[in-house]
Amino acid sequence: NPGRQWSLKDFEIGKPLGKGKFGRVYLAREVKSKYIVALKIIFKEQIEKYRIHHQLRREMEIQTNLLHPNILRLYGWFHDDERIFMILEYAYGGELYRELRKKGHFTEKQAATYIASLTHALAYCHEKHVIHRDIKPENLLLDHEGRLKIADFGWSVQSKSKRNTMCGTLDYLAPEMVENKAHDYAVDNWTLGILCYEFLYGAPPFEAESQNDTFKRIVNVDLIFPSTPSISSEAKNLINRLLVKDSSKRLSLQKIMEHPWIIKNVDNL
Ligand SMILES: COc1ccc(/C=N/Nc2[nH]nc(C)c2C(=O)Nc2cccc(NC(C)=O)c2)cc1
């Protein structure tokens, strides 16, 4: 129950699951209920050093209040003198990224299923006035049934967002973000187009040798569809209608759910 005060003695710590930028994640079990969770441990000195205090606070406030089957739960959190502990849902399958690297690319059915899950989750976020802004394969986890979970709301903002210095890859950022212009919810629609392409081809569409070349390809929407793997025209149509420079002209989340490629490839819609 979210209200109660937790502490380290409530948990048995298991194997390390992996490390993120600012902390490590461990498998853990809540002693009384035997409930399995993922415990993300972040050192306070790292928070000071990277000055991510407000971003972390925002991530926790946002993620605590989001209840959706495709969004990783943040059950609660606690801290001691030197660490902050986030009690997170455990997703057995780990990063979707690893699955994509292992398979090279997904089938159209699998890709459409992930895109539909992401679209549902983003529609939920947007109605809660949350723009994620950093949806990329590393931030997507899979549960034991292979269901997609958006994790890591580190970069998300309550709308009326202000600029953050972006670190890491530009590949998933919309033109208005890389051009440091005002941006809105539609950045997440752009990113859905990037991910759809990457799920089907195995690499994001504007990948280039240098960040500067990626930047140029993004702002020019320099979109090329390789001849292999051969992808349906419906899939290309959806990608073409999301990777649109004018953010007001990108396909809406509602229209994505009604797109022929989604209707054709996703069961139990
Ligand atoms: C290395 O092989 C792995 C296979 C599966 C996992 C499962 N992770 N599941 C999670 N549930 N809730 C959270 C939070 C996590 C999590 O952060 N996982 C995580 C963190 C950092 C790196 C990785 N790496 C991979 C490959 O999944 C996973 C983690 C590692």
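A closer look at the pairing of strand β3 (residues 36–43)
So, point 1. Among the eight residues that make up β3, six are buried, leaving the element largely enclosed by the rest of the structure.
So, point 2. For strand β2 (residues 23–30) and β3, the ladder comprises seven bridges, and the chain directions are antiparallel. The residue of β3 that forms the bridge with V25 is K40.
So, point 3. Linkage of β2 to β3, two consecutive antiparallel strands, is achieved through a turn of five residues, within which K34 is found at a positive phi near 60°.
So, point 4. In the sheet, β3 pairs with strand β5 (residues 83–88) via six bridges, with the strands oriented antiparallel. The residue bridging L39 from the neighbouring strand is I87, located in β5.

Let's talk about the pattern of salt bridges
So, point 1. Tallying each qualifying case throughout the model produces 19 salt bridges.
So, point 2. Between D213 and K216 there is a salt bridge, with its nearest N and O atoms 3.8 Å apart. Of this pair, D213 and K216 both sit in helix α7 (residues 211–219), three residues apart, which is roughly one turn of that helix.
So, point 3. Residue class for K216 comes out partly exposed when judged on its relative accessible area of 42%.

Let's talk about the sheet that holds strand β8 (residues 140–142)
So, point 1. Taken in spatial order, the three strands make up an open sheet running β6-β8-β9, and their pairing is antiparallel. The sheet terminates laterally at β6 (94–95) and β9 (148–150), the two strands that pair on one side only.
So, point 2. Taken together, the two bridges between β6 and β8 define a ladder with antiparallel strand orientation. From the neighbouring strand, E95 faces β8, where its bridge partner is L141.

The rules behind the values
Residues numbered from 1 in each chain as written. Predicted model: local features only at pLDDT ≥ 70, side-chain atom pairs only at ≥ 80, totals over all residues. Heavy atoms only, no water. Buried < 20%, exposed > 50% of the residue type's maximum accessible area, 1.4 Å probe, protein only. Helix = DSSP H or I, 4+ residues; strand = E, 2+ residues; numbered from the N terminus. Pairing = 2+ DSSP bridges. Salt bridge = Lys/Arg side-chain N within 4 Å of Asp/Glu carboxyl O.

Note that every value here comes from positions in space, so none of it alone points to a role or purpose.
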